[in-house]
Amino acid sequence: MLFFVIDVRRVPERPHGPLSYVGSKYLALASVSVCQSLVSVLVLHTGLGIPTVVPPIAMYAVAVGLVFTAILFMLIAMLGSDTGRFVAVLILMLQLTSSSGSYPVGLEPGFFRFIHPYLPMTYVVEGLRQLISIGEGTAIVRTAAVLAAFGIGAILLLYAVKRRRIMAEIKLAEGAA
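Just so it is clear, the structure is predicted and the values come from calculations on it, not from any experiment.

Caption draft 1: Fine view of the nonpolar core. Val22, Tyr60, Val64, Phe73, Val124 and Leu147 are the most contacted members of the largest nonpolar core, which totals 30 residues. Only helix H2 (18–47), helix H3 (54–79), helix H6 (120–132) and helix H7 (137–176) provide two or more residues apiece to this core. No other element matches the 12 residues that H3 contributes to this core.

Encoded structure:
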């Protein structure tokens, strides 16, 4: 919902370089995402009474929020506001059906079994299951590492694709000044 409320294009403009451009926009969005993650854990733990070990699950929820913020930021910044949001909703629908969150992926058609390991929600569900049941620590670390790779990959891809355009905009702004 974060990206339906906050317009990425209106987050601080006039960068000093491509890294500050991507970084400033991501940090602005990530700060809201962190707050949302912590509120979600608070509601889960206190409001719904689900017994969890609060610090680890809160850290994991924050990491998940940061990863999905990076992915959505990349989609919207690269594809445009409407197209990026549309693609994000499509990916969300695929993830909900193939992540084994509500229905075992082994019982689903072959397409969903095929895309299962390539979508980040798969690792979110696996990690949360491990955390809620006080599962295996290595599985939690593995899922967190895979999620971090998704998030870092999204930011690096955005940076690589937008770098040339950002540099051209900076030179144009300097020339006009």
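Caption draft 2: Just the pattern of salt bridges, in detail. Scanning the entire structure with this criterion turns up one salt bridge. Residue Glu126 is joined to Arg142 by a salt bridge in which the shortest nitrogen-to-oxygen separation is 2.1 Å. Remark: Arg142 occurs in helix H7 and Glu126 occurs in helix H6; sequence separation between them is 16 residues. A relative accessible area of 40% places Arg142 in the partly exposed class.

Definitions and limits used
Residues numbered from 1 in each chain as written. Predicted model: local features only at pLDDT ≥ 70, side-chain atom pairs only at ≥ 80, totals over all residues. Heavy atoms only, no water. Core = buried A, V, L, I, M, F, W, Y, C linked by side-chain atoms within 4.5 Å. Buried < 20%, exposed > 50% of the residue type's maximum accessible area, 1.4 Å probe, protein only. Helix = DSSP H or I, 4+ residues; strand = E, 2+ residues; numbered from the N terminus. Salt bridge = Lys/Arg side-chain N within 4 Å of Asp/Glu carboxyl O.

By themselves, these are just geometric observations and shouldn't be taken as functional.
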